[in-house]
Amino acid sequence: MDGPSGTGKSTVSRRLAAECAAAYLDTGAMYRALTLAVLRAGLDGESAASADVAVGAVRSVRSVTDPKAPALLLDDEDVEPEIRGPEVTRAVSAVSAFPEVREALVGRQRELIADAVAESGGIVVEGRDIGSVVVPDAPLKVYLTASDDIRAARRAAQDRKAGRAADLDRVLADVRRRDRLDSTRKISPLHAAADALVLDTDELSVDAVLKRLLELVAERGMVS
Ligand code: DC
């Protein structure tokens, strides 16, 4: 499940995984955890030293792949609220653009995916490069899109719900900035895989997207 932020990716992915008794992996949370490690080391996310710290932190990141209680641990500390905060959000695109960071994390993601498939029989993985790079032979690839304004409004509502201040203009600027950085980076830029199903969620509720995906999963015989 790929696409930019604010498309409903996380909600849909978690619910789809729960409905299919599959595991769930939020790869954005992994990039965010590495970014937190970089910021905690007193770095800004842009320097070469930031890449070294991020690569060094890959083995300290642990993803709990239960869709009913997903969690992200950094050195056994639950860092979930902190990785969603403005400091990490500001720096994460820079950290995730380092080729060595991506290489190390994609390797880790493939291990987690293989483990989850062996244990649960399947996994829903969300990110930016899952269908295009991480699992190019995935049996179902979905790319969610939505207009900038709608995505910013959803993001702001999420922030407010989580008790964070959310000025709509600032959130819109941040959404556009991150889209630009994520789509133009040299390595694994955000784009839909050629064989991905592209769904525009401007006019689709989470329930409607989920219904469509459950139909596809059933049509393809992906659940028993
Ligand atoms: O999905 P998110 O907003 O939590 O992702 C945070 C950032 O991580 C996003 O701006 C780009 C990066 N990312 C990535 O480069 N590749 C992924 N598979 C997932 C996220």
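Each remark here, short or long, concerns the structure printed above.
Residues numbered from 1 in each chain as written. Predicted model: local features only at pLDDT ≥ 70, side-chain atom pairs only at ≥ 80, totals over all residues. Heavy atoms only, no water.

Novice: So what exactly am I meant to see when it comes to the overall build of the protein chain here?
Specialist: Broken down by element type, the protein chain carries 10 helices and seven strands. The C-alpha radius of gyration computed for the protein chain amounts to 17 Å, which stays within 12% of the reference 17 Å derived for 224 residues, consistent with globular compactness. Dimensions along the principal axes, computed over C-alpha positions, put the protein chain at roughly 50 × 40 × 30 Å. By the burial criterion, 46% of the 224 residues in the protein chain qualify as buried. A sequence separation of at least 24 residues applies to 75% of the contacts in the protein chain between residues at least 6 apart. (Helix = DSSP H or I, 4+ residues; strand = E, 2+ residues; numbered from the N terminus. Rg over C-alpha atoms; globule rule 2.2 N^0.38 Å. Buried < 20%, exposed > 50% of the residue type's maximum accessible area, 1.4 Å probe, protein only. Contact = heavy atoms within 4.5 Å.)

Novice: Would you explain the environment of Asp75 in this entry?
Specialist: As for its position among the elements, Asp75 is in the loop between strand 3 (71-74) and strand 4 (77-78). Through-space distance from the C-alpha of Asp75 to that of Arg154 is 31 Å; in sequence the pair is 79 residues apart.

Novice: Help me understand unusual backbone geometry in this model?
Specialist: As a rule of thumb, non-glycine residues mostly have phi less than zero, and peptide bonds are mostly trans rather than cis. Phi at Asp75 is positive, roughly 50°, even though this residue is not glycine. Among the residues examined, Asp75 registers a relative accessible area of 58% and is labelled exposed. In this model, Asp76 sits at a positive phi of 65°, which is unusual for a non-glycine residue. Tracing the sequence through the fold places Asp76 in the loop between strand 3 and strand 4. Looking at Asp76, the relative accessible area reads 66%, which means it is exposed.

Novice: Explain the side chain of Ser93 to me, please; I cannot follow it from the model alone.
Specialist: As for its placement among the helices and strands, Ser93 is situated in helix 5 (residues 86-96). Ignoring sequence-local partners within four residues, the contact set of Ser93 consists of Arg178, Leu181 and Asp182.

Novice: Mind showing me how you'd approach the sheet that holds strand 2 (residues 61-64) here?
Specialist: Two modes of strand pairing occur in sheets, parallel and antiparallel, and in both the strands are linked by backbone hydrogen bonds. Read from one edge of the open sheet, three strands run 2-3-4, paired in antiparallel fashion. Of all the strands in the sheet, just strand 2 and strand 4 have a single pairing partner and so form its edges. Against the sheet, helix 2 (residues 27-40) makes contact with strand 2, strand 3 and strand 4, and its axis sits at roughly 30° relative to strand 3, the strand it touches most. (Pairing = 2+ DSSP bridges. Axes fitted to C-alpha atoms, helices over the stretch in contact; angles between N-to-C directions.)

Novice: Would you mind going over the pattern of salt bridges with me for this structure?
Specialist: When the charged atoms of two side chains lie near each other, side chains of opposite charge can form a pair. Summed over all chains, the structure comprises 18 salt bridges. Of the charged contacts, one joins Arg151 and Asp179 as a salt bridge, the two residues approaching to 2.4 Å between their closest N and O atoms. One end of the pair, Arg151, is in helix 8 (residues 148-161); the other, Asp179, is in helix 9 (residues 168-184), and 28 residues separate them in sequence. Take Asp179: its relative accessible area is 15%, and that puts it in the buried class. Here the residues in one salt-bridge network are Asp148, Arg151, Arg176 and Asp179, joined through shared partners. (Salt bridge = Lys/Arg side-chain N within 4 Å of Asp/Glu carboxyl O.)

Novice: Hey, could you run me through helix 3 (residues 48-57) in this one?
Specialist: Given 3.6 residues per turn, any residue in an α-helix points the same way as the ones three and four places further on. All of the buried residues in helix 3 are Ser50, Ala51, Ala54 and Ala57. Viewed end-on, helix 3 has its buried residues packed into an arc of 130°, placing them on one side of the element. Across from the buried face of helix 3, at angles greater than 90 degrees, the exposed residues are Ala48, Asp52 and Gly56. On its buried side, helix 3 packs onto helix 2, strand 2, helix 5 and helix 6 (99-120). (Arc of directions from axis to C-beta.)

Don't take any of this as a statement about function, it's just geometry.
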